[in-house]
Amino acid sequence: MHILILSRSENVHADVVEKYCAERAVVDRINFDFDKITPDALPQMIFGNISAEYTPDAVFIHHPRISYRHEWFADELERQLFVASWDSVKEWMEAQFSHARWVNRSSANARSRNILNQLRLAASLNFKTPDTLFTNNLTELKAFAGSDTVVIKQGNLGVHLDKKRILTSVIDVSSVKESALRGCPCLFQRYIPKQFELRVHVIDDNVLTCRIDSQMSAKTRIDWRNYDLENTPHTAYDLEISVSEKCVKMTKQLGLGFGIIDMIVTPQDEYVFLECNAQGHWAWIEECTGLPITKTLCEYLVSGSIV
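Everything quoted here is computed from the prediction, not taken from an experiment. (Residues numbered from 1 in each chain as written. Predicted model: local features only at pLDDT ≥ 70, side-chain atom pairs only at ≥ 80, totals over all residues. Heavy atoms only, no water.)

Caption draft 1: How the structure looks around the pairing of strand E2 (residues 26-31). Relative to E2, strand E1 (residues 2-7) runs parallel, the two being bridged by six bridges. Bridge pairing in E2 places isoleucine 5 opposite arginine 29. Once you follow E1 into helix H1 (residues 12-22) and on to E2, the crossover reads as right-handed. (Pairing = 2+ DSSP bridges. Helix = DSSP H or I, 4+ residues; strand = E, 2+ residues; numbered from the N terminus. Right-handed = clockwise from strand over helix to strand, strands pointing away.)

Structural data, given as structure tokens:
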């Protein structure tokens, strides 16, 4: 059994997957943060129209963003060609290792990222979803907001922000400048009151759910990613079977073997779908709750079945 990991050298999630799988399989890893090595140490790639001797049985991808040293390049075009060539490696791997078990395929990660498509799919599965507007038209935004509370979200743009985050924030629509909005379409949603929030880890047919009591801290009431772990309990949660089944259908229809779904549970006990992340993080949730997320994920990688 061979498993290939595509990530970066300081990715703790790739680390725990590598550690678990290495006890059960042969594991190879390619880290794409090339700024930590010299050009002569770059991994060598060979693809073609004949079968390569090396063929992994499973591939795990987690944020394999390419980084480099600027002094390697004579000009901007050379830098762009370098990045594009290494990006294409992931596409070539998907074609070369088409029969491997991917978590997840790069193409599926990219296709699944669009939040508007996610919301349409969720609605088709009878999930309640937030009223949403993606626009650069201030008149439409004001009509959408009315007298309701509105939040602005990043919306899974897939942009690397160099250790910065764009968090969900309540906005005052009257303060939005028409000139600024026209130049940058944004994702807006009507704010949904929360009783608590859920982070649902779907691995094949297996569902592991964490309850986040985000409303217990003023810091996390709008976006739990402001992190106040001491005051926002994270606990294992027994998700209703009907909701669990919808989550599995959601990830499979997005083409994912592993997806992390964020949901709100309202004061009226309604489940509201927010988004599904194909490249989500889980280490702190596993530590807080004891949910066997890494074990379940790695069993799926190694054997395709979950014990």
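On we go.
Caption draft 2: Region of interest: the packing of aromatic side chains. Counting across every chain of the model gives 16 aromatic pairs. The interplanar angle of 75 degrees and the centroid separation of 5.5 Å between the aromatic rings of tyrosine 68 and phenylalanine 73 together place this pair among those described as edge-to-face. Each member of the pair, tyrosine 68 as well as phenylalanine 73, carries the same accessibility label: buried. Between tyrosine 227 and tryptophan 284, the ring centres sit 5.8 Å apart and the planes meet at 85 degrees, which makes this aromatic pair edge-to-face. Residue tyrosine 227 is located in the loop between strand E10 (206-212) and strand E11 (234-237), and its partner tryptophan 284 is located in helix H8 (residues 283-289); the two are separated by 57 residues in the primary sequence. Three or more aromatic residues joined by ring pairs make a cluster, and in this case those are Phe32, Phe34, Tyr68, Trp72, Phe73, Phe82 and Trp86. The ring of phenylalanine 196 is capped by arginine 211, whose NZ or CZ atom sits 3.8 Å from the centre of that ring. (Phe/Tyr/Trp six-rings, centres within 6.5 Å; stacked < 30°, edge-to-face > 60°. Buried < 20%, exposed > 50% of the residue type's maximum accessible area, 1.4 Å probe, protein only. Lys NZ or Arg CZ within 6 Å of the ring centre and 35° of its normal.)

Caption draft 3: Focus on the packing of H1 against helix H9 (residues 293-303). With their axes 10 Å apart at the nearest point, H1 and H9 run at an angle of 55 degrees to one another. Comparing their axes, H9 and H1 come out oblique. The interaxial crossing formed by H1 with H9 has right-handed handedness. Residues Val16, Val17, Tyr20 and Cys21 of H1 pack against Thr294, Lys295, Leu297, Cys298, Glu299, Leu301 and Val302 of H9. In the contact of H1 with H9, the residues fall into eight nonpolar, one polar and two charged. (Axes fitted to C-alpha atoms, helices over the stretch in contact; angles between N-to-C directions. Parallel < 35°, antiparallel > 145°, perpendicular 65-115°, else oblique. Left-handed = near helix turned anticlockwise from the far one by under 90°. Contact = heavy atoms within 4.5 Å. Nonpolar A, V, L, I, M, F, W, Y, C, P; charged D, E, K, R; others polar.)

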